[in-house]
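So the chains spell out like this:
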Amino acid sequence: MKQNLFKDVEPSEVVPGVFTWENCLEVPEGIVDIMNQEVDDWKDGITKKDVENNDSMKSVYGANGPIRFDPEVNFHREESKVYLKQVQRNALQKAASYMQIFPDVKEEVNWMETWQYITYMPPKHMEFHSDNHAIRDPRTNKHHVAPYLRRFTILTYLNDDFNGGSLVFRYFPNTAPYKPPAGSVVIMPSAFVWSHATTPLLNGRKAAFLVSMSSHYDVGSEEIGQPIEDLARRELR
């Protein structure tokens, strides 16, 4: 795999506040299949008891929305690990560019959340939601705190060999559905104004990386015992 798979490109606006950097990252042939296989191998080991204790796994057993997989913990093949580092470097570079467009956000962003690899096939799709809405944690019966702290989300789209699955925004109805080309980054604010969904996925398998930038570390994770050292290493400044 090449040492540097990403490049500088000029961003363009999708809707006010949402920008895309199209074709800014090479996606080597076969890498998405390798990463999807890692997800499938992991998924086969998830029990219904695991899902009961961790609502982020609920899509493994048929709930709508993508499977959410922690690539930093669960990628085992070297190709996947190396490519993840390329994705991370590119995403952070584009985040720096986004904060040049909106300088005030630099004063609000201090922490990076856990990375996610998300993938799904028909009939699943994303319904309208904002990225800082919160649901209850079944382990504590309290609402997750982390979403309230989010400021913007970075999505790296890895493929476009499917029909449907385009991005739509609830409060910008005059904007056509947007389907990012493979190897593109989209950054969007997390608040309700940017409530978004995807059109139904008609065929194929969609895959992307996701990470959110937040104003504070996830105190909810600290409450359930995640070491502060693991949380602190995601501090941006």
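Since we're looking at a predicted model, the values are computed, not measured.

Caption draft 1: Inspection of the nonpolar core at higher detail. Ranked by internal contacts, the top residues of the largest apolar core, which has 38 residues, are Met 35, Tyr 83, Tyr 117, Phe 152, Ile 154, Leu 158 and Phe 209. If you list the elements that add at least two residues to this core, you get strand 2 (18-21), helix 1 (31-44), strand 3 (67-69), helix 4 (78-101), strand 8 (150-157), strand 10 (184-189) and strand 12 (206-214). At 7 residues, helix 4 tops the list of elements feeding residues into this core. The residues contacting Phe 152, other than those within four sequence positions of it, are Ala 95, Tyr 98, Met 99, Val 105, Val 109, Ile 187, Met 188, Pro 189, Ser 190, Val 211, Ser 212 and Met 213. With 15 residues, the next largest nonpolar core counts Phe 172, Tyr 178, Trp 194 and Leu 210 among its residues.

Caption draft 2: Layout of the pairing of strand 5 (residues 116-120). Counting buried positions over the 5 residues of strand 5 gives 5, a clear majority of the element. Covered by surrounding structure in strand 5 are Gln 116, Ile 118 and Tyr 120 together with Tyr 117 and Thr 119, the residues of both alternating faces. Taken together, the 3 bridges between strand 3 and strand 5 define a ladder with antiparallel strand orientation. In the sheet register, Arg 68 faces strand 5, and the bridge partner there is Ile 118.

Caption draft 3: Looking closely at unusual backbone geometry. The amide bond that connects Pro 122 to the next residue, Pro 123, takes the cis arrangement and shows omega of 5°. Checked against the element boundaries, Pro 123 lands in the loop between strand 5 and strand 6 (136-137). For Asn 23, which is not a glycine, the phi torsion comes out positive at approximately 55°. With respect to the secondary-structure elements, Asn 23 resides in the loop between strand 2 and helix 1. The exposure class assigned to Asn 23 is partly exposed, which follows from its relative accessible area of 40%.

What counts and what doesn't
Residues numbered from 1 in each chain as written. Predicted model: local features only at pLDDT ≥ 70, side-chain atom pairs only at ≥ 80, totals over all residues. Heavy atoms only, no water. Core = buried A, V, L, I, M, F, W, Y, C linked by side-chain atoms within 4.5 Å. Buried < 20%, exposed > 50% of the residue type's maximum accessible area, 1.4 Å probe, protein only. Helix = DSSP H or I, 4+ residues; strand = E, 2+ residues; numbered from the N terminus. Contact = heavy atoms within 4.5 Å. Pairing = 2+ DSSP bridges.

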